[in-house]
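# Chains, contacts and geometry: an overview
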Amino acid sequence: MKNTAQKFIIYLMLLNLAWIASADEAALKNPDGSWKWTNRLVHETSPYLLLHAHNPVEWYPWGDEAVERAKQENKLIFLSVGYSTCYWCHVMEREVFSNPEIAAMMNKDFINIKIDREERPDLDEIYMTATQLLIQRGGWPNSVFLTPDLKPFYAGTYFPPTDVPGRPGFPTILDAVHEAWVTREEEVIEAANQISDTIALATSRGFTTLTATPLDRSLTAAALDHLRTTYSHAYGGFGGAPKFPSPANLEFLLSEYERKSGLQTLPTESGLQTPLTENESLLKMVTHTLDMMAYGGMYDQIGGGFHRYAVDEKWRVPHFEKMLYDNAQLAKVYLQAHQLTQAPRYRRIAEEIFRFVFREMTAPEGGFYSAVDAETDAEEGKYYVWTADEIQKILGKKTAARFAEVYGVDKGPNFEGQNVLYVPEGAAAESALKAVESARETLLTARAKREYPLLDTKIIVNWNGLMIDALAYGYQVLGEERYLVAASKAAKFILDTVKKPNGELCHTYTAGVVKQDVYLDDYTFFVRGLLGLYQATGDKAWLNSAKRLTDAMIQLFWDDKNGGFYYTKADAKHLIVRTKKPYDSAIPSGNAVAVSNLLAFGTDYRGYAEETLQSFAKSMAQSPASFMYMHFSLNRYLIAGEELDSATPSFVTALGSETSALVRATAEIKSHNNSVFNVTLRLNIAEGWHINANPAGQDNLIPTTITADTDTPFEILDIAYPKGRSTRFEFSSESLNVYEESLTIPLRLKQKSNVKHDKNVPMTLQLTYQLCNETECLLPQTVAILLDLP
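Residues numbered from 1 in each chain as written. Predicted model: local features only at pLDDT ≥ 70, side-chain atom pairs only at ≥ 80, totals over all residues. Heavy atoms only, no water.

Glancing now at the pairing of strand S24 (residues 742-751). Relative to S24, strand S18 (residues 676-685) runs antiparallel, the two being bridged by nine bridges. Bridge pairing in S24 places Asn684 opposite Ser742. Pairing analysis gives five bridges linking strand S21 (residues 714-719) to S24, with the strands arranged antiparallel. In the sheet register, Asp718 faces S24, and the bridge partner there is Arg748. (Pairing = 2+ DSSP bridges. Helix = DSSP H or I, 4+ residues; strand = E, 2+ residues; numbered from the N terminus.)

On to empty space enclosed by the protein, then. A water-sized probe, rolled over the atoms, reveals where empty space remains. Taken as a whole, this structure holds four cavities of 30 Å³ or more when the rule is applied. Its volume calculated, the second largest cavity comes out at about 80 Å³. If you go around the second largest cavity, the residues you meet are Gly297, Tyr299, Asp300, Gln301, Ile302, His307, Phe320, Tyr384, Val420, Leu421 and Arg447. (1 Å grid on protein atoms, 1.4 Å probe; cavity = no way out; pocket = protein on both sides within 12 Å on 5 of 7 lines; lining within 4 Å. Points joined across faces, edges and corners; volume = space filled by probe spheres on them.)

What follows deals with the confidence of the model for the protein chain. Summing up the model confidence of the protein chain, the mean pLDDT is 88 and the portion of residues at 70 or higher is 88%. Counted against residues more than four places away or in other chains, residues 4-23, with its pLDDT under 50, gives 38 contacts. In this model residues 263-275 is a low-confidence stretch, pLDDT under 50, and it forms 21 contacts with partners more than four residues away in sequence or in other chains. (pLDDT = per-residue confidence, 0-100. Contact = heavy atoms within 4.5 Å.)

One pass over the full model with this rule turns up 41 salt bridges. For Lys322, the salt bridge is made with Asp300, and the minimal N-O distance between the two is 2.7 Å. Here Asp300 lies in the loop between helix H12 (278-294) and strand S6 (309-310) and Lys322 lies in strand S8 (residues 322-323), a separation of 22 residues in the sequence. One exposure class covers both Lys322 and Asp300, and it is buried. (Salt bridge = Lys/Arg side-chain N within 4 Å of Asp/Glu carboxyl O. Buried < 20%, exposed > 50% of the residue type's maximum accessible area, 1.4 Å probe, protein only.)

Turning our eyes to something else, we now look at the pairing of strand S3 (residues 110-116). Counting buried positions along S3 gives seven out of seven residues, so the element sits mostly inside the fold. Burial of the side chains of S3 extends over both faces: Phe110, Asn112, Lys114 and Asp116 are buried on one face and Ile111, Ile113 and Ile115 on the other. Sheet topology places strand S1 (residues 59-60) next to S3; two bridges connect them, and they run parallel. Directly across from Trp59, in S3, lies its bridge partner Asn112. Bridging between strand S2 (residues 76-82) and S3 involves seven bridges; their strand directions are parallel. Within the sheet, the bridge partner assigned to Gly82 lies in S3 and is Asp116.

Moving on: the sheet that holds strand S4 (residues 142-146). What the five strands build is an open sheet, ordered S1-S3-S2-S4-S5; its pairing is mixed. The two strands at the open ends of the sheet, each matched to only one other strand, are S1 and strand S5 (152-156). Where S4 meets S5, four bridges bridge the pair, whose relative direction is antiparallel. Paired with Ser143 across the bridge in S5 is Gly156.

Attention shifts here to the environment of Gln136. Take Gln136: it is sitting in the loop between helix H7 (121-135) and S4. When the C-alpha atoms of Gln136 and Gly156 are compared, they prove to be 10.0 Å apart, with 20 residues separating the residues in sequence. Within the structure, Gln136 has its side chain in polar contact with the backbone oxygen of Leu133 (distance 2.9 Å). (Polar contact = N/O pair within 3.5 Å; in protein donor to acceptor, adjacent residues only side chain to side chain.)

The next subject is the sheet that holds S8. Judged by pairing direction, the sheet is antiparallel, and its three strands sit side by side in the order S8-S9-S12 without closing on themselves. At either margin of the open sheet sits one strand with a lone partner, and together these are S8 and strand S12 (455-456). Judged from the two bridges that link them, strand S9 (residues 371-372) and S12 form a sheet pairing that is antiparallel. Paired with Ala371 across the two strands is Asp456, which belongs to S12.

All right, on to the packing of aromatic side chains then. Applying the stated criterion across every chain yields a total of 35 aromatic pairs. Ring geometry for Tyr383 versus Tyr384: centroids 5.2 Å apart, planes at 90°, classification edge-to-face. Assigned by exposure class, Tyr383 and Tyr384 land together as buried. Between the aromatic rings of Trp558 and Phe565, the centroid separation amounts to 4.8 Å while the plane-to-plane angle is 70°, which identifies the pairing as edge-to-face. (Phe/Tyr/Trp six-rings, centres within 6.5 Å; stacked < 30°, edge-to-face > 60°.)

Counting through the fold element by element, His338 comes out in helix H13 (residues 324-341). The buried category is assigned to His338, whose relative accessible area is 8%. A distance of 3.2 Å separates the side chain of His338 from the backbone oxygen of Ala343, its partner in a polar contact. Not counting residues up to four positions away in its chain, the partners in contact with His338 are Ala343, Tyr346, Arg347, Val477 and Leu478.

A word on the nonpolar core. If you look at the biggest cluster of nonpolar residues, it comprises 133 residues, and the most contacted ones within it are Tyr334 and Phe526. With 11 residues, helix H19 (residues 461-478) is the single largest residue contributor to this core. Aside from chain neighbours lying at most four places away, what touches Phe526 is Val461, Gly465, Ile468, Ala491, Ile494, Leu495, Leu505, Asp521 and Leu549. In this structure, Ile685, Tyr739, Val783 and Ile785 belong to the second largest nonpolar core, which totals 30 residues. (Core = buried A, V, L, I, M, F, W, Y, C linked by side-chain atoms within 4.5 Å.)

Right, dumping it as structure tokens:
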């Protein structure tokens, strides 16, 4: 299987090269096959930039050469920002940038710079903010005109090659902008200065710890009210078309559900169909959304994995690109839903996402590719859609008829005369889906023979961090060793390869080349993945790497004056403003993820988390929808604070405890005398569930145990496990001992002789347990617990 996946990836990479070379060969090549034009982008590694390497436009990458030339010649800069899976970016490349006459105008009057927004998210944020301020909307390609000192004054998105009703053609725009610069340079500079000042205010200066907005439940309550207001009861999700998956919304709802449910009985599948309590409705919002997405056309019903978004409110027709970050975040949410409901369909979706990623987005050297394009041969969705005749020809009449009924083909075409597959019957069709599983495999094999869309082979550190986290959680929940192997390999690859000689992380790796200065969310997302690996394995090497990188993050990005983290390093070049980028986008805010990570490290880092929350609290209150992951992190902060108030003098929490509503652990140091510490561990277990006692009463059962890492400066002197309740279950004629509801486990820790204890490094305990109810047992869990010792 492993060799097959690697061969498929190599095959895709070869197709990728062919795709890049064939964008519009007739127009761009000489009769002998040589390129008519070659510009500086030919030396880049980004697949998106390479698409433009043979345009007649004299493109520059962003850097010193282009900026210095613009200043020396006092020329305006035309900045074009896009990405590999952007449909209209490809259209503008074909229609505008491949046109020699338009290119001649651009080369004569402008310095032309092309940016891959995934390589330079800092520049993308700055100049997209400019576009939104200038035209009150945004999108890609982002087309921005700058003064020689990089300040924007005019912008748009896609421009056609000629004038059309309601939209000027790009030559018209070029003439007007150039004429304004030549005849009214001072006015242009003044306008650019004003726009730049507004960008600075919008992206940085509005966030300060001086706002003094309370960090309390009023903030999370407002965020919850917003989600309830915008939630679609009919189709799930939030708002109308287009519909985006919004995993940050779902994670926040799950955290609120777990907090409010506490240790109450979790609703069953059937229970969700009865009138819901206020708290059960939170879970219903998540599960209904997950179901509508999973059975809709936004989910690739043949190959697994989610497309970027749906263009309609019913999730039927997608915009067809597939992004690593979407699939990473959604895989974890589906696993969380599986943990809470034990519904097999959520496990199936997560497993299919991972299968897709292993098959099509995993690099042989380690790490995960960034995206698969939406179009093939300039046709969006061509790789994914089907006609009824195609399906019948491949499957045969009888099988095709059954398949068409299950996947909505019998209801007629739903996308430009063809079919995006979906499951009209939803969850009720799960048994039918299994019945046509072999037909799905047959169509997947047939589809693989089609020309594959552009595969963006950038390995981006922050997005890889999300996938590492999802896979580690998949291993923790499902026990699949291959998930751990893939996550560990990717993490080691980044730690060993995607870095500078001084050990500082970089942002991307493509075709053997490490590029781009690191950004805040490279650190935060990757640390999140390392913490996930630590919780899944208990291997302290992952925790040590996570802590080292977090310390480096604080040094590189922390704002000593106002709190919170900057998005870029202090020495970043050619930026008109240093932003903090606190808003969620398709991925969580780096600041929000930083808060969660910092809280996981205990009290020594809590101050940074609190100041970060405080610096954005006013904006969180004003615009909860833009800060949903920050509200998720605020939930963790408030829960930790509540538990801190009840524990004296030290608090302990399991990393990742926000995903475990069934067993929760807190601990406190009751007293200490010299090098001996008396610790009490408290366990709370959800009603209807139990964990095996120690001893368990049967040799084949896994008892609840507490251990200490061998490399810590402390050892466990003794543990007084409670006896547990003796009981019998249907699956066994012998009695066994169990822990239920709540219990305390006292233990004593002693500092090892001749071993120095670093107070900045928390001690790690390991809690191992197996959770069962009357009919089933879940996989054994080992939870890492960080304990701050005085």
